[in-house]
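Structural overview for review
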Amino acid sequence: MIFNEVMQAANHLIHLIPILGRNHSRQDYDDAIKLVEYLIEHDPENPLVEILCTKIENYEEIAPEFADFNRKLKQCDSAIAVLRTLMDQYGLNTTDFADEIGSRSYVSRILNGERSLSLEHMKKLAERFKLPISIFIK
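Definitions and limits used
- Residues numbered from 1 in each chain as written.
- Predicted model: local features only at pLDDT ≥ 70, side-chain atom pairs only at ≥ 80, totals over all residues.
- Heavy atoms only, no water.
- Helix = DSSP H or I, 4+ residues; strand = E, 2+ residues; numbered from the N terminus.
- Buried < 20%, exposed > 50% of the residue type's maximum accessible area, 1.4 Å probe, protein only.
- Contact = heavy atoms within 4.5 Å.
- Lys, Arg positive; Asp, Glu negative; His and termini not counted.
- Charge placed at Lys NZ, Arg CZ, Asp CG, Glu CD.
- Core = buried A, V, L, I, M, F, W, Y, C linked by side-chain atoms within 4.5 Å.

On to the overall build of the protein, then. Across its full length, the protein carries seven helices and zero strands. Helices and strands appear in the protein in the N-to-C order α-α-α-α-α-α-α. For the protein, the C-alpha atoms occupy an extent of roughly 60 × 30 × 25 Å along the three principal directions. Expressed as a percentage of the 138 residues in the protein, the buried residues total 30%. Intrachain contacts of the protein at a sequence separation of at least 6 include 45% that bridge at least 24 residues. When the 16 positive and 22 negative side-chain charges of the protein are each reduced to one mean point, those points stand 10 Å apart.

Within the largest apolar cluster, 18 residues are counted, with the highest numbers of intra-cluster contacts made by Leu-83, Phe-97, Ile-101, Leu-117, Leu-125 and Phe-136. For this core, the secondary structure elements donating two or more residues are α5 (78-90), α6 (104-111) and α7 (119-129). Ranked by residues supplied to this core, first place goes to α5 with six residues. Beyond its immediate chain neighbours, meaning those up to four positions away, Leu-117 contacts Ala-79, Leu-83, Ile-101, Ile-110, Met-122, Leu-125 and Phe-136.

Below, the structure is given as structure tokens:
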């Protein structure tokens, strides 16, 4: 049977991509992000993309360095959570949404839960980030 060969191949793959194993570090996470970016650009149909994305997501859910961020996301409205995530991913701040939402202070009020994103805001954000508008709707 091929069981031994499969086990050897899996162990070798874990050696090359440690995040696939049980014990991994922040560096393994960073390397996995870079590998996914490379695969998406050069071989988007590679089955490793889905496997790595799942492992990256799992790491982000349990890693201590993401605990504060995850707690904040769980506490806020889902549309605001999406907006905060996009801000984090793209390195944006409240001044970067003048075209989609309005002034810096208005964006701050939305992020603080004092105001809500309107349907028009959601449409503009979805268009900017090339996402379905449904991602902003509860």
